[in-house]
Amino acid sequence: MAWGGGWGGPGPVAGGHHSATANGLPFGGIPEELMEEATRLLATEPERPLSRQPFHQRPSVAERRRLSLWALVGVYPRLLYGASAIVLLASLLLQAGPKITEYAVNHGMLPGHHSLTVIALSGVAYLVIAVVTAILQRLQTDLTGRLASRVMHDLRIRVFTHFQRLSLDFFTDEKAGVLMSRMTSDIENLQQLVQDGISQFATQGLTMITITVILFLTNVTLAAWTVLLVVPVLFVMSLWFHHASQRGYLLSRDRIATVLADLSESLYGIRVVTAHNRQRRNIRNHRHVLGAYRDANVYTGRVSAIYGPGTIMVGILAQGLLLGIGGHLVLQHRLTFGALIAFFLYLNRFFQPIQLLVQQYSALQQGRSSIIRLRELLETPPSVDDRDDAHELGPIEGRIRFEHVTFGYDSEHPVIEDVDLEIAPGESVAFVGPTGAGKSTLAKLVNRFYDPTAGRVLVDDVDVREVTLRSLRSQLAVVPQEPFLFAGSIRSNLVFGRPDATVDEVRHAVELVGLDDLVDRLPQGLDTVVHERGQTLSAGERQLLALARAFLARPRVLILDEATSSLDLQSEIVVEHALDRVLDGRTAILIAHRLTTAQRADRIVVVDEGRVVEVGTPERLRRAGGAYARMYDAWVAAGGRDVTREGA
Ligand code: ADP
């Protein structure tokens, strides 16, 4: 159930020392003399339960629940009710002070009522209550802090799980930056809200209610004057402040975004900027956007400068007036001296919550919009999903058929039109054609990155939409144009598709693609950490790693989007050689940018403007004098390696 507590614990990723080497330092083990200390430290490490929910393509019942703050915190009823009870108790106890003062004045200090005992006891009571309140507040902060951390942890997992579930189109439509901000600023907004916002809001609200009740119980006339004089003015001022500060907040948020955009453009584009002598102009422009941001900040500052002192002023004016009225009441013996003091003590506490409530209200609103944005995200269904009646795809032979397939990324512009094509088990087929013809798109339909708008894609005579995504994709491997290497060792990158691969299998894959020389040369061999997405490796080596990764996944069908960046002749030959071995006996779709690759395929499919225009063996197409023959001749004329002659 738990991991992370011991070295040998089965980590969620292959390679337990993953994180230790993530910073690029070799992991040399723990020195003998430090072992004891390390063990002791580990014993105190909290155990982190592995996510209780294994990943399912379909969201669980809990995950399908509509996202709301109550649904989130409701999962922890004990923390929630505990915190609420304490908030209630603390806000009541907080208001005991003035009442005790009133008692001490009326029964211990007034002429004829002198009593040191009463004063001393009142003092002690005051102290005890203050201490109890402080303890309660500490407990409250502790509970709400724990509640907030747990709730946000759950939410983060939920959002991340949903990201993993969503289909590719979602990530092309949404910018990564926007998605990151959902994970960071929106969730942090909510964390703040659960941790402080709601309890503060409740505390201040309760305080206001309690004090209003106490004021009326102390003296109805004075209380009525207070409510009549102060509340409407403060209310109007607060409303104004709320609107003005909201405007300022939005303004400065938009403007800082512009500043950051301008900054990052200037930094990333510094070469172009310098080359085109744009520095002066850039400075002028940046000064302009910075000026706008400053204005927004000045505005916000001015609003606060009016509201803060303004409300204090209103409070003081009201107190002056109430002192007159209250003093009059005392002289008429309609109010005790102690009650007047208590009243004024409460009055001070009465103004503050109004101001705080307004501020908390803004936080609540921000939290609300964060919830709405996250809800929209969580309610976006994957466009490609398992059907309810999806079944497991058994081991396949590797026959692929496109049946009158039409597809467009948006409904108006079809990118693939009425494609009919059959690929036999074990056959390698090269898609060639101009850039943007739809070659990659065709390939993406096979492993259901997208679903066709019309027609069917069949694998071993089964419509790919009828089987589970998991069982389908486990038998197809994709080598993308730009092989992505994850942070970690070469080994963990290789076993990515099949974490249970044995050492021998990994070694075999490495030898098969001809990377054994490289691995032997590296200081830590397979455990060498790749830096910066493998930037320390050459383009050819990255491709070979991607090929080995695909090979280890033991797919029946391999889809390879060839890298467009030209490799040097040497690497090209190595990669082609590796490719031949990996493809041996497998069905393969090669999106060929180099005609050398195309020439090695069993058959060539020429794609143009979303349609298949020619199909045939390389030999036949070259002689047929069609589109492929023209491409081939142009390529040879441009100095391409004439494979046929070479091979002959
Ligand atoms: P090829 O692989 O032949 O170069 P693609 O299949 O990548 O061509 O692209 C075919 C067409 O679809 C192009 O016009 C391209 O602009 C468009 N396209 C590719 N990917 C997307 C996408 N994710 N969203 C919208 N249009 C896309």
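For clarity, every value in this text was computed on a predicted model and none was experimentally measured. For every chain, the first residue of its written sequence is number 1, and the numbers climb from 1 along that sequence. Since the coordinates come from a predicted model, pLDDT governs what is reported: local features require at least 70, and pairs of side-chain atoms require 80 or more to be given and counted, while whole-chain, interface and lining totals use all residues. Water and hydrogen atoms play no part in the side-chain values, which are based on all heavy atoms of the structure.

Colleague: I'm lost on the domain arrangement of the protein in this one. Help?
Modeller: It is common to give the size of an interface as the accessible area that goes away when the parts come together. Domain annotation for the protein reports domain 1 (66-378) and domain 2 (400-637). Start and end positions for the domains come from either an automated domain assignment or a database one. Centre-to-centre, using C-alpha coordinates, domain 1 lies 57 Å away from domain 2.

Colleague: I tried to follow a nonpolar patch on the surface on my own but got confused; where do I start?
Modeller: Among the surface-exposed residues, Met109, Leu116 and Ile119 lie close enough to one another that they form a single nonpolar patch of about 300 Å² accessible area. Going along the chain from the N terminus, every DSSP run of H or I of four or more residues is numbered as a helix, and every run of E of two or more is numbered as a strand. In this fold, Ile119 is placed in helix α7 (residues 116-165). Each patch is built from salt-bridge-free residues with over 30% relative accessible area, joining like charges within 9 Å and nonpolar side chains (Val, Leu, Ile, Met, Phe, Trp, Tyr) within 5 Å. Per-residue and other accessible areas follow the Shrake-Rupley method at a 1.4 Å probe size, with only the shown protein chains counted as cover for residues. Salt-bridge detection follows one rule: a side-chain nitrogen of Lys or Arg within 4 Å of a carboxyl oxygen of Asp or Glu.

Colleague: Which parts of the structure should I look at to understand the side chain of Gln475?
Modeller: Mapped onto the elements of the fold, Gln475 is located in the loop between α15 (469-473) and β8 (476-479). Here a polar contact is recorded for every N or O atom pair within 3.5 Å, except that within protein the pair must consist of a potential hydrogen donor and a potential acceptor, and residues adjacent in sequence are included only if both atoms are side-chain atoms. Reaching out from Gln475, the side chain makes a polar contact with the backbone oxygen of Gly394 at a distance of 2.9 Å. Apart from the residues lying within four places of it in its own chain, the contact partners of Gln475 are Leu393, Gly394, Pro395, Ile396, Pro555, Arg556 and Val557. Contacts between residues were defined by any pair of non-hydrogen atoms, one from each residue, lying within 4.5 Å.

Colleague: Before we go on, may I ask you to explain the environment of Ile100 in this structure?
Modeller: Looking at where Ile100 falls in the secondary structure, it is placed in helix α6 (residues 96-109). Looking at Ile100, the relative accessible area reads 14%, which means it is buried. C-alpha separation for the pair Ile100 and Ile119, spaced 19 residues apart in sequence, amounts to 9.5 Å. Residues within four places of Ile100 in sequence aside, it is in contact with Ser122, Ala125, Tyr126 and Ile129. Buried means the residue's accessible area, taken with a 1.4 Å probe over protein chains only, is under 20% of the maximum for its type, while exposed means over 50%, and partly exposed covers the values in between.

Colleague: Honestly, the pattern of salt bridges in this entry has me stumped. Any pointers?
Modeller: Proximity of charged atoms lets side chains of opposite charge pair with each other. Considering all chains together, one arrives at 26 salt bridges under this definition. Across the pair Lys99 and Glu102 runs a salt bridge whose closest N-O atoms are separated by 3.1 Å. Within this pair, Lys99 and its partner Glu102 are both found in helix α6, separated by three residues, close to a single helical turn. A salt bridge links Glu511 to Arg507; the shortest N-O distance between them is 3.7 Å. Here Glu511 and its partner Arg507 are both found in helix α17 (residues 503-512), four residues apart, which amounts to about one turn of the helix. Here the residues in one salt-bridge network are Glu397, Arg399, Arg401, Glu403, Glu422, Arg456 and Asp461, joined through shared partners.

Colleague: Can you help me understand the nonpolar core in this one?
Modeller: Nonpolar side chains in soluble globular proteins tend to be buried together. Among buried residues, the Ala, Val, Leu, Ile, Met, Phe, Trp, Tyr and Cys ones that are joined through side-chain atoms within 4.5 Å form a nonpolar core. If you look at the biggest cluster of nonpolar residues, it comprises 47 residues, and the most contacted ones within it are Leu494, Leu547 and Tyr628. Element by element, the count of residues in this core is highest for helix α19 (residues 539-552), at eight residues. Tyr628 has contacts with Val432, Leu595, Ala598, Gln599, Ile604, Val606, Glu614, Pro618, Leu621 and Arg622, leaving out every residue within four places of it along the chain. Counting 31 residues, the second-largest nonpolar core is a separate cluster that includes Leu72, Tyr76, Ala90 and Leu378.

Colleague: I tried to follow the packing of aromatic side chains on my own but got confused; where do I start?
Modeller: Each aromatic ring pair is summarised here by two numbers: the centre-to-centre distance and the angle between the ring planes. Aromatic pairs are defined between Phe, Tyr and Trp rings, using the six-membered ring for Trp, whenever the two ring centres lie within 6.5 Å; interplanar angles under 30 degrees are classed as stacked, those over 60 as edge-to-face, and all others as tilted. Counting across every chain of the model gives 10 aromatic pairs. An aromatic cluster of at least three residues, connected via ring pairs, comprises Phe163, Phe170 and Phe171. When the ring centre of Tyr299 is taken as reference, the NZ or CZ atom of Arg247 above it lies at 4.9 Å. The lysine or arginine in question, Arg549, covers the ring of Phe496, its NZ or CZ lying 5.2 Å from the ring centre. Only when the NZ atom of a Lys or the CZ atom of an Arg is both within 6 Å of the ring centre and within 35 degrees of the ring normal do we say a charge sits over the ring.

Colleague: Just checking my understanding: could you explain the sheet that holds strand β6 (residues 454-459) for this structure?
Modeller: The strands making up a sheet associate through hydrogen bonds between their backbones, and the pairing can be parallel or antiparallel. Here, a strand pair is defined by DSSP locating no fewer than two bridges between the strands. With antiparallel pairing, the four strands of this open sheet are ordered in space as β4-β3-β6-β7. Unpaired on one side and paired on the other, β4 (416-423) and β7 (462-463) mark the two borders of the sheet. Sheet topology note: the β6/β7 ladder contains two bridges and is antiparallel. Bridge assignment links Val459 to a residue of β7, and that residue is Val462. To obtain each axis, a line is fitted to C-alpha atoms, and for helices this fit is confined to the stretch in contact; angles are then taken between N-to-C directions over 0 to 180 degrees. In this fold helix α14 (residues 439-446) packs onto β3 (400-407), β4 and β6, with an angle of close to 120° to the strand it touches most, β3.

Colleague: Where do I start with the site of the ligand in this structure?
Modeller: One heavy atom within 4 Å of a molecule or strand is enough for the residue carrying it to be called near that molecule or strand. The environment of the ligand is formed by Thr172, Tyr409, Val415, Pro434, Thr435, Gly436, Ala437, Gly438, Lys439, Ser440, Thr441 and Tyr450. Between a nitrogen atom of the ligand and a side-chain N or O atom of Tyr409, the distance comes to 3.5 Å. Side-chain polar atom of Ser440 to an oxygen atom of the ligand: 2.5 Å apart, as the coordinates give it. Here the ligand loses 63% of its free accessible area of 560 Å² to cover by the protein chains. If you tally residues by element for the shell around the ligand, the top one is α14, at three residues. Classifying every residue of the shell around the ligand by side-chain character gives five nonpolar, six polar and one charged. Polarity classes work like this: nonpolar for Ala, Val, Leu, Ile, Met, Phe, Trp, Tyr, Cys and Pro, charged for Asp, Glu, Lys and Arg, and polar for all others, with Gly in that last group.

Colleague: Hey, could you run me through the packing of helix α10 (residues 220-268) against helix α13 (residues 337-378) in this one?
Modeller: A pair of packed helices is characterised by two quantities: the angle between their axes and the separation of those axes. Axis separation between α10 and α13 bottoms out at 10 Å; the angle between their running directions is 25°. As summarised for this structure, α10 and α13 are arranged roughly parallel, according to the angle between their axes. In the packing of α10 onto α13, the handedness of the crossing is right-handed. Listed contacts from α13 to Leu222, Ala223, Thr226, Val230, Val231, Leu234, Ser238, Phe241, His242, Gln246 and Tyr249 of α10 are Leu340, Phe343, Leu347, Phe350, Phe351, Ile354, Val358, Tyr361, Ser362, Gln365 and Gln366. Among the residues making up the contact of α10 with α13, the classes are represented as 15 nonpolar, seven polar and no charged. Angles below 35 degrees are treated as roughly parallel, those above 145 as roughly antiparallel, those between 65 and 115 as roughly perpendicular, and all remaining angles as oblique. Each crossing is labelled by how the near helix is turned from the far one, with a counterclockwise turn of less than a right angle marking it left-handed and a clockwise turn marking it right-handed.

Colleague: Can you walk me through the side chain of His162 in this structure?
Modeller: Within the secondary structure, His162 is located in helix α7. Overall, His162 belongs to the buried group, its relative accessible area being 8%. In this structure the side chain of His162 is engaged in a polar contact, spanning 3.5 Å, whose partner is the backbone oxygen of Leu378. In this structure His162 touches Leu377, Leu378 and Thr380, once residues within four positions along its chain are discounted.

Colleague: Honestly, the sheet that holds strand β12 (residues 587-591) in this entry has me stumped. Any pointers?
Modeller: Ordered by their spatial adjacency, six strands build an open sheet running β8-β11-β12-β5-β13-β14, and the pairing between neighbours is mixed. The open sheet is flanked by β8 and β14 (611-616), the only strands paired with a single partner. Sheet twist, expressed as the average angle between the axes of neighbouring strands with direction ignored, equals 15°. In terms of strand pairing, β8 meets strand β11 (residues 557-561) through four bridges, oriented parallel. From the neighbouring strand, Val478 faces β11, where its bridge partner is Ile559. Its contacts with the sheet place α14 against β5 (428-432), β8, β11, β12 and β13 (603-608), and it is angled at close to 150° to β12.

Colleague: Quick question: what am I supposed to make of helix α20 (residues 569-583) here?
Modeller: Quick reminder: α-helices carry 3.6 residues per turn. Residues three or four places apart thus point the same way. Taking 1.5 Å per residue, 15 residues should reach 21 Å; α20 reaches 21 Å between its end C-alpha atoms and fits that length. In this structure, the buried side of α20 is in contact with β5, α17, α19, β11, β12 and α21 (595-600). One or two positions beyond α20, positive phi appears at Gly585, with a value near 80°. The span one expects for a helix is its residue count, reduced by one, times 1.5 Å.

Colleague: Whenever I open this one, the environment of Gln164 confuses me. Can you help?
Modeller: Considering the arrangement of structural elements, one finds Gln164 in helix α7. For Gln164, a relative accessible area of 48% gives the class partly exposed.

Colleague: Explanation requested: a positive patch on the surface in the structure shown.
Modeller: Taken together, the side chains of Arg278, Arg280, Arg281 and Arg284 define a basic patch exposed on the protein surface. Within the secondary structure, Arg284 is located in helix α12 (residues 279-331). A positive count includes Lys and Arg, and a negative count includes Asp and Glu. His and the chain ends are not counted in either. Charged side chains are reduced to one point each, which is NZ for Lys, CZ for Arg, CG for Asp and CD for Glu.

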